[in-house]
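# Remarks on the overall topology
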Amino acid sequence: MELPSVPVSVTTVITSGKLPPEFAAFFTSGGELTDAADWSHVASAVDEYLAAGGADGEVRGALALAGAYGRLDSLGDCPEPDDMDEDNDRAVELLQEAEANGVDEKETSELWWYSERMRSRAAEFRDYLAETDAYVEKHGSTPWGRLEAKLGQAHDRYSAGDRAAALALFREVAEISPWDGEFSGCFDRVDVGWCRLLHDAAHVDGPETARKIWQEARVHYRGAKFPLPMHSWQLAGMLLGTGVPDVIEVIIYEWLEAAEEAGTSDVPVTEDEHRIFELALAEIEESRSIR
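Here the structure is a predicted model, which is why all the values come from computation and not from measurement. (Residues numbered from 1 in each chain as written. Predicted model: local features only at pLDDT ≥ 70, side-chain atom pairs only at ≥ 80, totals over all residues. Heavy atoms only, no water.)

### A word on the nonpolar core
Using the following cut-off: To define a nonpolar core, start from buried Ala, Val, Leu, Ile, Met, Phe, Trp, Tyr and Cys residues and group those joined through side-chain atoms within 4.5 Å. Type-normalised accessible area, obtained with a 1.4 Å probe on protein chains alone, sets the label of each residue: buried when under 20%, exposed when over 50%, and partly exposed for intermediate values. Strands here mean DSSP runs of E at least two residues long; helices mean DSSP runs of H or I at least four residues long; both are numbered from the N terminus. Should any heavy atoms of two residues lie within 4.5 Å, those residues are considered in contact.
Counting residues in each nonpolar core, the largest one holds 44 residues, and the members touching the most others are Trp194, Leu198, Phe226 and Leu239. Examining the composition of this core, we find that 9 residues originate from one element, helix H9 (residues 187-205), more than from any other. The residues contacting Trp194, other than those within four sequence positions of it, are Arg171, Ala174, Glu175, Ile213, Glu216, Ala217, His220, Tyr221 and Phe226. In this structure, Ile14, Val46, Leu65 and Met84 belong to the second largest nonpolar core, which totals 36 residues.

Here it is, written out as structure tokens:
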């Protein structure tokens, strides 16, 4: 949800030469915020200025509107719903002050709408926090934390040589739906479960079993791409030399594709990524020559 653009009355008073000196340092000559300022600074200065009785009429209305805009701009950064409501309440007071001092409702209407939407978001956030607290009280952790703990147990058992028990735990995490239910949004933990199953299959059971796990994971993701980009390079590196260059090729290609879509196509970037990339290309080329 994007905050509407700065109201015309605000930009007009900024560039009109009527702006009180207290505010001049916040803006460039073109009416933009300076690099050292943000709208929360403006909002705080407006509160102090209006409380001291400064400005009347048209300028007062525009400054109140600027203060309201600053309060609304800060709502997305509030860590708690109570803080969101407090800033929103002040924004409402300033919008009322602006209208009482000549600002047309056509200029305030979008900010009123944004205020109501953010008030609804704060209420939703409050409900979410309450549900999370109740969940943690019942289960001892968040859904993400529960999966992380299970992965930790699986790692420990695998390291201790109890492969069967570890794989059962990895699969339990992997087969959880990341799309719905209590674990929705835990995609990265589910992804780790599948990565560990694939890694084990490739190194222990061989290429054919690894390919079956690979296909199983791809189907489970319902059209999303396995693995997640955050795990792609590490997984590709783990699969080098295990006889699945076809799988590695897909992982590398989709990672590069995702990077390009995100505007970071100058990849790989780290030394380790370059190493894996070169080894992967060599393995892929070798497999093609053998065919």
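Past the structure itself, the notes keep going.
### As for the confidence of the model for the protein chain
Definition in use: Values of pLDDT, ranging from 0 to 100, describe the predictor's confidence in every residue of the model.
Averaged over the protein chain, the pLDDT score is 90; the fraction of residues at 70 or greater is 96%. Looking across the protein chain, the model is least confident in helix H2 (residues 21-24), with a mean pLDDT of 84, and most confident in helix H8 (residues 163-174), with 98.

### Focus: the packing of aromatic side chains
The cut-off we apply is this: In this scheme Phe, Tyr and Trp rings, the latter by its six-membered ring, pair at centre separations within 6.5 Å, and the angle between planes marks the pair as stacked below 30 degrees, edge-to-face above 60, and tilted otherwise. Two conditions define a charge sitting above a ring: the NZ of Lys or the CZ of Arg must be within 6 Å of the ring centre, and it must be within 35 degrees of the ring normal.
Following the criterion strictly, the structure yields 10 aromatic pairs and no others. Ring plane angle 75° and centroid distance 5.5 Å describe the contact between Phe23 and Tyr49, whose orientation is recorded as edge-to-face. With a gap of 26 residues between them, Phe23 in helix H2 and Tyr49 in helix H3 (residues 39-51) connect regions that are remote in the sequence. Accessibility expressed as a relative area gives 1% for Phe23, which makes it buried. Tyr49 gets classed as buried once you look at its relative accessible area, which sits at 17%. Feature note: the residues Trp179, Phe187, Trp214, Tyr221 and Phe226 constitute an aromatic cluster, connected by ring pairs. Above the plane of the ring of Tyr158 lies Arg196, whose end atom (NZ or CZ) is 5.1 Å from the centre.

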